[in-house]
Structure formats: structure tokens, C-alpha cells
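Below are the chains, spelled out letter by letter.
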Amino acid sequence: MITVRSAVRPIVATLGLAVLTGCYNYIPVERPSPGTTVRVHVPLRSAVQASNAPTETLSVEGVVVSDGDSLIVATKNRREFGAFREVVEVDTLRVARSGISFIEQQVFSKRKTYGMAALATAGAAGLVAALVNAAGGQRGDGPPGNTGPGAQIRVRPIFQGILGLIGR
């Protein structure tokens, strides 16, 4: 048997991980400093293009290596070939300044991070409340002198079922 108290620890660990990962915004910049993560938008040129249509762009995300007459960005792309083969391509791209539409820099967003943490905390609290309610923890502790472990519920089959649904 897994008690509700021991089931809370993985939930708290997951919430801590969610808070540490954070959320980000992208803001436009002219000259990004080396080491920052950026998204570079480069216009696509085509022989057939409508005169009234907006220019389409291709975006490339990576870490700035250097910035001068051309912007040098280190990128990583993950590609899957079939069900069991995955390749990570690491490349350094050089883009001339004249060929860049605009550059966006990735910055940490406290507002999005706090919002995500609040949603995750509310979800975890709801899950714990549902588990306690399902285990009968709201009916009291029982007769005087009862020093048992409190509300208990089998959580492992629930988590195994959830992991089975997502293919793990």
C-alpha cells in the first residue's frame, strides 16, 4: 500500500521540475550577444511569388556564436527515421546580415513561469484531494486511540495505467 503522504513526494518533485524549467518569451533585437538563444527569420525567395502576398520567412533557432557582418548560429535538429532510429544534427549556420528579416532573442518570462507553476500546483492539489476523498480520508480518523497510517489508496496501478496510456 502506498499512503497519500508518500504519493505527494513525486508530485512535488514534478512541480519543482516544472518551476525550474520556466517559460520564455521572444523579443526582437538588432545585435544579439554571443551565447544567447535566438530565432533568426530569413526570407524565402521564389521564382513564382504573388506581388501582393507577404514575404514568407524560414525561422532557424540556435545559440549565437558570433555577430558581425554575418550572424553565426549553432543549431541542433532532431530527425527520426522510422520507429527506432533518431539522429541529432549539430550544425553551424552563417547568415549574411543583408539576408535576415529579423532576429528574436529568447528571454525568461516570470509571468508565464508563475502562471504555469500556479496551474500545476492547483492540478496537484486537486489530484491529492481526489485521492484523499477516494480513500475515505474526509470521514475522520475513526475511534479514539486509532494510530493507524490514515487514508491509504493503491496509487501504483493508477500511475501504471496513466503511463501505459502515454506509451511508457
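Residue numbers run consecutively from 1 along every chain, following the written order of its sequence. Since the coordinates come from a predicted model, pLDDT governs what is reported: local features require at least 70, and pairs of side-chain atoms require 80 or more to be given and counted, while whole-chain, interface and lining totals use all residues. To obtain the side-chain values, all non-hydrogen atoms of the structure were used and water was disregarded.

**Section: the overall build of the chain**
Move 1: Along the backbone of the chain there are 3 helices and 8 strands.
Move 2: Secondary structure counts use DSSP, requiring at least four H or I residues in a row for a helix and at least two E residues in a row for a strand, with both numbered from the N terminus. Mapped in sequence order, the helices and strands of the chain form the string β-α-β-β-β-β-β-β-α-β-α.
Move 3: Look at the contacts in the chain between residues 6 or more apart in sequence, and 61% of them connect residues 24 or more apart.
Move 4: For accessible areas, the Shrake-Rupley method is used with a probe of radius 1.4 Å. Any residue's cover is judged against the shown protein chains and nothing else. Element-wise, carbon and sulfur atoms account for 56% of the exposed surface of the chain, whose accessible area totals about 12400 Å². Should any heavy atoms of two residues lie within 4.5 Å, those residues are counted as being in contact.

**Describing the pairing of strand β5 (residues 70–81)**
Move 1: Two elements, strand β4 (residues 57–67) and β5, share 4 bridges in a ladder whose sense is antiparallel. Note that in β5 the partner of Ser66 across the bridge is Ile72.
Move 2: Here the rule is simple: two strands pair whenever DSSP picks up at least two bridges between them. Once β4 ends, the chain turns through 2 residues before running back antiparallel as β5.
Move 3: Taken together, the 12 bridges between β5 and strand β6 (residues 85–96) define a ladder with antiparallel strand orientation. When the sheet's bridge partners are listed, Ala74 is paired in β6 with Thr92.

**Thoughts on the pattern of salt bridges**
Move 1: When a carboxyl oxygen of Asp or Glu lies within 4 Å of a side-chain nitrogen of Lys or Arg, that pair is called a salt bridge. Taken as a whole and assessed by the stated rule, the structure comprises 5 salt bridges.
Move 2: For Asp67, the salt bridge is made with Arg97, and the minimal N-O distance between the two is 2.5 Å. Note that Asp67 is positioned in strand β4 and Arg97 in the loop between β6 and β7 (102–108), a separation of 30 residues in sequence.
Move 3: By relative accessible area, which is 24% here, Asp67 ends up partly exposed.
Move 4: Between Glu89 and Arg79 there is a salt bridge, with the nearest N and O atoms lying 3.0 Å from each other. One end of the pair, Glu89, is in strand β6; the other, Arg79, is in strand β5, with 10 residues separating them in the sequence.
Move 5: Its relative accessible area of 31% is what places Glu89 among the partly exposed residues.
Move 6: Exposure is judged per residue with a 1.4 Å probe applied to protein chains only, and the accessible area is read against the type maximum: over 50% gives exposed, under 20% gives buried, and values in between give partly exposed. For Arg79, a relative accessible area of 39% gives the class partly exposed.

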